Amino acid sequence: GMMLLLLIVAGLGVVTLLVILFAPHIRKYAAGGVCRSTVSLDGKTVLITGANTGIGKETAMELAVRGARVIMACRDVDKGEEAAASIRAAHPETQVEVRELDLADTCSIRAFAQKFLGEVNHLHILIHNAGVMMCPYTKTIDGFEMHIGVNHLGHFLLTSLLIGLLKRSAPARIVVVSSLAHNFGWIRFHDLHSQGSYNSGLAYCQSKLANVLFTRELARRLKGTDVTVNSVHPGTVNSDLTRHSTLMTIFFTVFATFLKTPREGAQTSLYCAVADELHSVSGKHFSDCAPAFVAPQGRSEETARRLWDVSCELLGIEWD
Ligand SMILES: NC(=O)c1ccc[n+]([C@@H]2O[C@H](COP(=O)([O-])OP(=O)(O)OC[C@H]3O[C@@H](n4cnc5c(N)ncnc54)[C@H](OP(=O)(O)O)[C@@H]3O)[C@@H](O)[C@H]2O)c1
């Protein structure tokens, strides 16, 4: 027993030493790619969901600094206004506006879109950033399981309502913030809403795989329109995303130095939104501002089409 304890203590000591020695290198590696494009977005309109905190807030700020009018769609308008105020305080010349959008409620999505279409003449960049991770079993207002409902179906409906505007504004881009987690997901068509069995981690992975499949199918359908869509893994980012999981929160706090900051996490979204070299790239997946691996289940055209049809059916919409 004593021997084992000594071994464990020695082991921990060695690991701590290694971490201290290599921390700067690991940190540098974790920071990942940087969006180097300095493209001006003067006169461009951007819409980003879940922009009151984390990656979304940083993405909104960076795009606003580049000159765009940025509409921050948030479910909590007060939190959104606070974020907008802090962006304005740091960059007084920026044009950021807050609108109410709850992706867990199709009525809210429709109301948002109707107002939005009456307010703006163009939409050049649409960023599907909002997301929920590992929440307890909950349903959206419309009875969808929360992860698939917010992360996928909410954004699916929003896109369907704004696609006409995007096409009229072409060249335009859609960025879907997915995750590496898509690798561990599969679409459970027989139980999409996890009514049979619920695992919050798997429900998150399923929704992030849905993001990848949606991106690919939408890209196929948008061929020739000069509206592109790409998905993103932002990196492992120290944000509020872990709020529902104590274990993940502890893990993220302990390893904070090895995680990306929200600003670093925003770089790949920014890259996909603005980089010149991507003007005709569509249906691809990016991480660290570079093309990234897509799991086989994220490359299946058949699954992508089936998910598209199921999504239309669940939302009661026709979209082809
Ligand atoms: N952090 C990571 O390591 C990581 C890794 C891979 C992918 N991602 C993806 O990155 C995206 C941004 O996440 P984050 O890390 O920045 O997390 P975050 O700090 O928790 O931000 C998530 C945002 O989504 C919003 N949101 C949640 N439910 C919503 C709803 N029903 N309607 C409208 N907005 C809603 C949140 O609003 P409230 O503040 O009001 O809740 C918040 O603004 C997510 O799609 C996530 O899946 C993150």
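Up top you'll find the structure we're talking about.
Source: prediction; values computed, not measured.

## Structural notes on the layout of surface pockets
Here the largest pocket is characterised by a volume of approximately 1000 Å³. When residues of the lining of the largest pocket are traced back to their parent elements, those giving at least two are α2 (54–65), β2 (69–74), α5 (146–168), α6 (200–221) and α7 (246–254). By residue class, the composition of the lining of the largest pocket is 25 nonpolar, 16 polar and six charged. Of the pockets and cavities examined, the second largest pocket occupies roughly 320 Å³. As for the second largest pocket, its lining consists of 20 residues, and the residues nearest its centre are Ala219, Arg220, Lys223, Ser282 and Gly283. Going through the elements one at a time, α6, β6 (227–233) and α10 (301–315) are the ones with two or more residues in the lining of the second largest pocket. The biggest single contributor to the lining of the second largest pocket is α6, with four residues.

## Digging into the site of the ligand
In the vicinity of the ligand, 29 residues are found, and the nearest of them are Asn52, Arg75, Tyr204, Val237 and Ser239. A distance of 2.8 Å is found between an oxygen atom of the ligand and a backbone nitrogen or oxygen belonging to isoleucine 55. Between glycine 131 and the ligand, the recorded distance is 3.2 Å, taken from a backbone N or O atom to an oxygen atom. Considering the ligand on its own, with 900 Å² of exposed area, one finds that the protein chains cover 97% of that surface. Taking a 2 Å distance to the grid points as the criterion, the majority of the atoms of the ligand fall inside the largest pocket. Elements that contribute at least two residues to the shell around the ligand include exactly α2 and α6. Taken together, the residues of the shell around the ligand break down into eleven nonpolar, twelve polar and six charged.

## Focus: the pairing of strand β1 (residues 45–49)
Walk down a regular strand and you will see the side chains alternate between the two sheet faces. With five of five residues buried, β1 lies mostly within the body of the structure. Going residue by residue along β1, you find Thr45, Leu47 and Thr49 tucked away on one face and Val46 and Ile48 tucked away on the opposite face as well. Note that β1 and β2 share five bridges and pair parallel. Bridge pairing links threonine 49 to alanine 73 in β2. What joins β1 to β2 is α2, and the crossover it makes is right-handed.

## Comments concerning the sheet that holds β1
One open sheet accounts for eight strands, arranged β3-β2-β1-β4-β5-β6-β7-β8; its pairing is mixed. At either end of the open sheet lies a strand with only one pairing partner, and these are β3 (95–100) and β8 (290–291). Inspection of the sheet shows β6 paired to strand β7 (residues 285–287) by three bridges, in the parallel sense. Bridge pairing in β7 places histidine 233 opposite serine 287. Docked against the sheet, helix α3 (residues 77–90) engages β2 and β3, running at close to 175° with respect to β3.

## Considering the pattern of salt bridges
By the definition in use, this model includes ten salt bridges. The residue glutamate 62 makes a salt bridge to arginine 66 at a minimum N-O spacing of 3.4 Å. By the burial criterion, glutamate 62 is buried, and arginine 66 matches it. Taking the shortest distance from any N to any O, the salt bridge between glutamate 301 and arginine 305 comes out at 3.0 Å.

## Side note on unusual backbone geometry
Of the consecutive residues alanine 170 and proline 171, the connecting peptide bond is found in the cis state with omega at 0°. Within the element layout of this structure, proline 171 appears in the loop between α5 and β5 (172–177). Here the phi dihedral of methionine 134 falls at roughly 55°; this positive angle occurs in a residue that is not glycine. By the secondary structure assignment, methionine 134 is in the loop between β4 (125–128) and α5. For aspartate 226, which is not a glycine, the phi torsion comes out positive at approximately 65°. Position of aspartate 226 relative to the elements: it lies in the loop between α6 and β6. Residue aspartate 226 is classed as partly exposed on the basis of its relative accessible area, which comes to 43%.

What counts as what
- Residues numbered from 1 in each chain as written.
- Predicted model: local features only at pLDDT ≥ 70, side-chain atom pairs only at ≥ 80, totals over all residues.
- Heavy atoms only, no water.
- 1 Å grid on protein atoms, 1.4 Å probe; cavity = no way out; pocket = protein on both sides within 12 Å on 5 of 7 lines; lining within 4 Å.
- Points joined across faces, edges and corners; volume = space filled by probe spheres on them.
- Helix = DSSP H or I, 4+ residues; strand = E, 2+ residues; numbered from the N terminus.
- Nonpolar A, V, L, I, M, F, W, Y, C, P; charged D, E, K, R; others polar.
- Near = heavy atom within 4 Å.
- Polar contact = N/O pair within 3.5 Å; in protein donor to acceptor, adjacent residues only side chain to side chain.
- Areas by Shrake-Rupley, 256 points an atom, 1.4 Å probe, with all protein chains shown as cover.
- Sits in = over half its atoms within 2 Å of the grid points.
- Buried < 20%, exposed > 50% of the residue type's maximum accessible area, 1.4 Å probe, protein only.
- Pairing = 2+ DSSP bridges.
- Right-handed = clockwise from strand over helix to strand, strands pointing away.
- Contact = heavy atoms within 4.5 Å.
- Axes fitted to C-alpha atoms, helices over the stretch in contact; angles between N-to-C directions.
- Salt bridge = Lys/Arg side-chain N within 4 Å of Asp/Glu carboxyl O.

Shape descriptors only; they carry no functional weight alone.
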